[in-house]
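Residue-level structure breakdown
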Amino acid sequence: MNSFADRLLAWYEQHRRDLPWRRDRDPWAIWVSEVMLQQTRVEAVREPFERFLRRFPTPAAFAVASDDELLLAWKGLGYYRRARLLRDGARAVVERHAGAVPGDPAALLSLPGVGTYTKGAIASIAFGHAEPAVDGNVERVFARHRGITADVKTAASQRLLRALVVEHLPPARAGDFNQALMELGATVCTPQSPRCERCPVRSGCAAAKAGNAAQLPVRKPPRQAVTVTARVALALRAGAALGNRVPAEEPNAGQIELPGAGILRDLDPADLATVLRQRFAARVTIGAELARARHAITHHRITVHAHAATVAHEGALQWFDLAPTTPWTTPSRKLLAAVAATDA
Ligand code: SF4
């Protein structure tokens, strides 16, 4: 019988999806795609990926991007911290490697924002190194195939999973093998209902034999959700709204938000004017609720309420254009859209 790798690679050649980042082996393009695909669906990445690479075709081009250019280029993807780390990485590539993404796995791993997985993906796909790249898909495939019942996120399980990939990985086709494993996890060995009848590595699969695929992999339960009722002031003036730049230590840092106590803080409507005076030295009268929007950040389930505001003194707040080029946070944009729809 053909080996695990032979069967997997034969299946991959027939069934691989045509994704923009699979069209060439440019390490920068692969790096960008891997960062964008963290916590984001493949379909949501296609368009931003192509747009981003047109605007920043090399690490050197992105290394000099301003914060606003970065936010605009990353629009629609969320988790902007990833983009900042990618820019830090691009700057390190310019400073240490004359602008060329290094092929050496150790040099890759020393770049800001590049962890074990991303290092493995770039080293194997772009440079053909026999490096494992264990993402959530690969964890699932091997946890099921080998019947691993320990928590896959422990350091010991991660070592075991990397060793299993290396054990099966054909050195001449490392990049294809890693991508094939990810593709199998994404399209056949899926989280909820794996399609074992279509799986090229079904023979020898412990979970298919035991009928417990749906229970694997084992992960410790997610943190319990915390609900937050945030409130912001909404003042509009000739195509602009009053806002502030989100401070560095908060989620969505560097973007523009409607002003309040911060997206993760509960606030009573009676306290909103006081908070704006304390945070921004602004004098604002707060009125009725105009709109609300739901948003989630990690385990926080947030409802943001926007209240009409009459401004006597802006203090440190500023008027920001409502145009799509202004990097409003997603909840602020949802609230502005809801109010515009009511007014229409
Ligand atoms: S046989 Fe089923 S459980 Fe096993 S690897 Fe394939 S899809 Fe996953």
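Check the entry above for the structure.
First things first, this report covers the structure right here in the doc. Predicted, not measured: the structure shown is a model, and the values here were computed from it.

A cis geometry characterises the amide bond from leucine 216 onward to proline 217, with omega recorded as -5 degrees. Summarising the element assignment, proline 217 is placed in the loop between α12 (206–210) and β1 (226–234). Look at alanine 238: it is not a glycine, yet its phi comes out positive at around 40 degrees. Residue placement: alanine 238 occurs in the loop between β2 (236–237) and β3 (240–245).

A few words now on helix α2 (residues 27–37). Most of α2 sits out of view: 11 of its 11 residues are buried. Pro27, Trp28, Ala29, Ile30, Trp31, Val32, Ser33, Glu34, Val35, Met36 and Leu37 are the residues of α2 that are buried. Lining the buried residues of α2 we find α3 (42–55), α4 (59–63), α6 (81–97) and α8 (116–125). A positive phi of about 65 degrees marks glutamine 39, the residue just after α2.

A word on the packing of helix α9 (residues 136–145) against helix α10 (residues 155–168). For the pair α9 and α10, the least separation of the axes is 10 Å and the interaxial angle reads 80 degrees. Here α9 is positioned roughly perpendicular relative to α10, judged by the angle of their axes. Of the residues in α10, those touching α9 at Val138, Glu139 and Phe142 are Leu161, Leu164 and Val165. Looking at the contact of α9 with α10 residue by residue, the class counts come to 5 nonpolar, no polar and 1 charged.

Basis of the calculations
- Residues numbered from 1 in each chain as written.
- Predicted model: local features only at pLDDT ≥ 70, side-chain atom pairs only at ≥ 80, totals over all residues.
- Helix = DSSP H or I, 4+ residues; strand = E, 2+ residues; numbered from the N terminus.
- Buried ≥ 20, exposed ≤ 12 C-beta atoms within 10 Å, placed from the backbone.
- Contact = placed C-beta atoms within 7 Å.
- Axes fitted to C-alpha atoms, helices over the stretch in contact; angles between N-to-C directions.
- Parallel < 35°, antiparallel > 145°, perpendicular 65-115°, else oblique.
- Nonpolar A, V, L, I, M, F, W, Y, C, P; charged D, E, K, R; others polar.

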